[in-house]
Amino acid sequence: MDVSYWSLSVALYAVSLYLGTFLRYTGSTFLIPSSADFALALVLLSLLLFKNINVYLIIIGALITSIMLRRSGPKQVLYLKIGAYTVALTSLPLLDYDVYEYARSVLTGFLFVTPDMVALTSISLALTLLLFVNKKVLEFSIFDPEYAELVGLRPWLWLGLLSFSAITTGFAMALSYGFLLAHVVALSASGTTRFKGVILFAAFSAVLSVLIATPLACALSATAVRGLEVLLLRRAGLLEVLRVWKARLPLPRRPVPGL
């Protein structure tokens, strides 16, 4: 198991889990997994123009994507996905053969840590830390934007920062796990609310990484954490129903006049 890769994966999962809590409130739960589509398009465009992954181009693309989402709303993410697929399909046949293997790794996931992964993950961690420190301001911006605007909290800034953080996290996941597996990991993390999931994810992926490739181990770990949470919630709900059923008092049978 590559410890550095595993550490980066756990950090991305934790960031995605934390951001997913706020994204649900804004109706943008699918923003992080959808960002993998944008990341694929930008990486292929970078390979086409510069013969390598230009992290500055990716960061600028993430910023532009965030602005477009803030202006159009979360429901318009489908149109951005269509645009991303169009760019990806147009760029792929034009790539040189010497960068083709690198482009294929974007689909299947790298087996080692690259400087681009570290740069994007560091940006995601820094932005998430900023949101964590200003959690109250972010909550006001989400639940009471009128009041936040009235007192000068600039809710548009914090909501835009939330979107930008989510997109950079999705970009980092796309480079780390691969375009396809990033959707699985991001959907699992953005859909759960328990921080214990990070511990389970770390444990499962550490064990599985000994047997299979780390990107696949992370995707399986995310699926296992989500499945375990669903099972525990169903079990807790069933126990609650049984507890109520056992505590139910039988109604006395009385004759009804006239029957």
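The notes below deal with the structure included here. Since this is a predicted model, take the numbers as computed values, not measurements.

What follows concerns the packing of aromatic side chains. Evaluated as defined, the whole model comprises 6 aromatic pairs. Here Y18 and F22 contribute two aromatic rings whose centre-to-centre distance is 5.3 Å and whose plane-to-plane angle is 70°, an arrangement assigned as edge-to-face. Of the two residues, Y18 and F22 are both situated in helix 1 (residues 3–25); the distance of 4 residues between them amounts to about one turn of the helix. As far as the burial class goes, Y18 and F22 line up, both buried. Each ring, one from Y85 and one from F179, has its centre 6.4 Å from the other, and the planes form 90°; the classification is edge-to-face. On the criterion of sequence distance, the pair formed by Y85 in helix 4 (residues 77–91) and F179 in helix 10 (residues 179–191) is long-range, its members being 94 residues apart.

Below, the discussion takes up the packing of helix 7 (residues 135–143) against helix 9 (residues 155–177). As a packed pair, helix 7 and helix 9 sit with axes 9 Å apart at the nearest point and diverge in direction by 100°. The angle between helix 7 and helix 9 places the two elements in the roughly perpendicular class. Counting all contacts with helix 7, which are made through V137, L138, S141 and I142, the residues of helix 9 involved are P155, W158, L159 and L162. A class-by-class count of the residues in the contact of helix 7 with helix 9 yields 7 nonpolar, 1 polar and no charged.

The rules behind each value
Residues numbered from 1 in each chain as written. Predicted model: local features only at pLDDT ≥ 70, side-chain atom pairs only at ≥ 80, totals over all residues. Heavy atoms only, no water. Phe/Tyr/Trp six-rings, centres within 6.5 Å; stacked < 30°, edge-to-face > 60°. Helix = DSSP H or I, 4+ residues; strand = E, 2+ residues; numbered from the N terminus. Buried < 20%, exposed > 50% of the residue type's maximum accessible area, 1.4 Å probe, protein only. Axes fitted to C-alpha atoms, helices over the stretch in contact; angles between N-to-C directions. Parallel < 35°, antiparallel > 145°, perpendicular 65-115°, else oblique. Contact = heavy atoms within 4.5 Å. Nonpolar A, V, L, I, M, F, W, Y, C, P; charged D, E, K, R; others polar.

These results come straight from atomic positions and should not be treated as a statement about function.
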